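Overview (structure and organization)
What follows is each chain in one-letter form.
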Amino acid sequence: MTLAPELVHTAAQATAGASGCLSNTATVASTTSDPSSANNSDTATTTVSASADLSIAKSDAPDPVNAGAALTYTLAVTNLGPDNAASVMVTDGLPAGLSFVSATATQGTCTNSGGAVSCALGSLASNAFAAITIQATTTGAGLWTNFATAACSTLAWNSGNPSPVRFPSFVV
């Protein structure tokens, strides 16, 4: 008599924030002599990746702003989870017509290179946020659109975020 093979299913759930490789080995044994024990076990390896959904929002003040006056951009970067976001980086290229004054963040550091502001925020926990304040001076009249992006080394949970934020600034 020949028996049909029976499948045994196992399920596991990775802990939130876990990443790396999981290995599961199944072994079969019998009291009957086995002429080929090399095929009595098998291993399945699964890669587990952390994921994070970053979003960014920006406001400016004052708006409108007078030519030659100070303008402040405030950026809020939020990690909507489900895991921690690693190596969070925000970039904001100031448009022509603005002269960089300063940039500060509630965590991490900000630098400026020719009007390109970069803020390395480090890790951002799930459901946490960091704020960035960029101060500039207007150098003339015009209408500007300012772009900022947030990215991290953690796999993006929602490919719709992070996305560039377009925020017009008006000078009167």
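Going by the structure above, here's the rest.
In this report, the structure presented in the accompanying data block is examined. Source: prediction; values computed, not measured.

1. Side note on unusual backbone geometry
Of the consecutive residues Ala-61 and Pro-62, the connecting peptide bond is found in the cis state with omega at -10°. Its location among the elements puts Pro-62 in the loop between strand E3 (51-61) and strand E4 (70-82). The omega torsion across Asp-63 and Pro-64 is 10°, close enough to zero to call that bond cis. Mapped onto the fold, Pro-64 is located in the loop between E3 and E4. Look at Ser-87: it is not a glycine, yet its phi comes out positive at around 50°. Note that Ser-87 resides in strand E5 (residues 85-93). Phi at Asn-127 takes a positive value of approximately 65°, unusual for a residue other than glycine. Within the secondary structure, Asn-127 sits in the loop between strand E8 (116-124) and strand E9 (129-138).

2. Brief notes about the pattern of salt bridges
The full count for this structure, using the stated rule, is 1 salt bridge. The closest approach of N and O atoms between Lys-58 and Asp-92, which form a salt bridge, is 2.9 Å. Of this pair, Lys-58 sits in strand E3 while Asp-92 sits in strand E5, and the two are 34 residues apart along the sequence. Of the residues examined, Asp-92 reaches a relative accessible area of 2% and is grouped as buried.

How each quantity is defined
Residues numbered from 1 in each chain as written. Predicted model: local features only at pLDDT ≥ 70, side-chain atom pairs only at ≥ 80, totals over all residues. Heavy atoms only, no water. Helix = DSSP H or I, 4+ residues; strand = E, 2+ residues; numbered from the N terminus. Salt bridge = Lys/Arg side-chain N within 4 Å of Asp/Glu carboxyl O. Buried < 20%, exposed > 50% of the residue type's maximum accessible area, 1.4 Å probe, protein only.

Function cannot be read off these values alone, since they describe shape.
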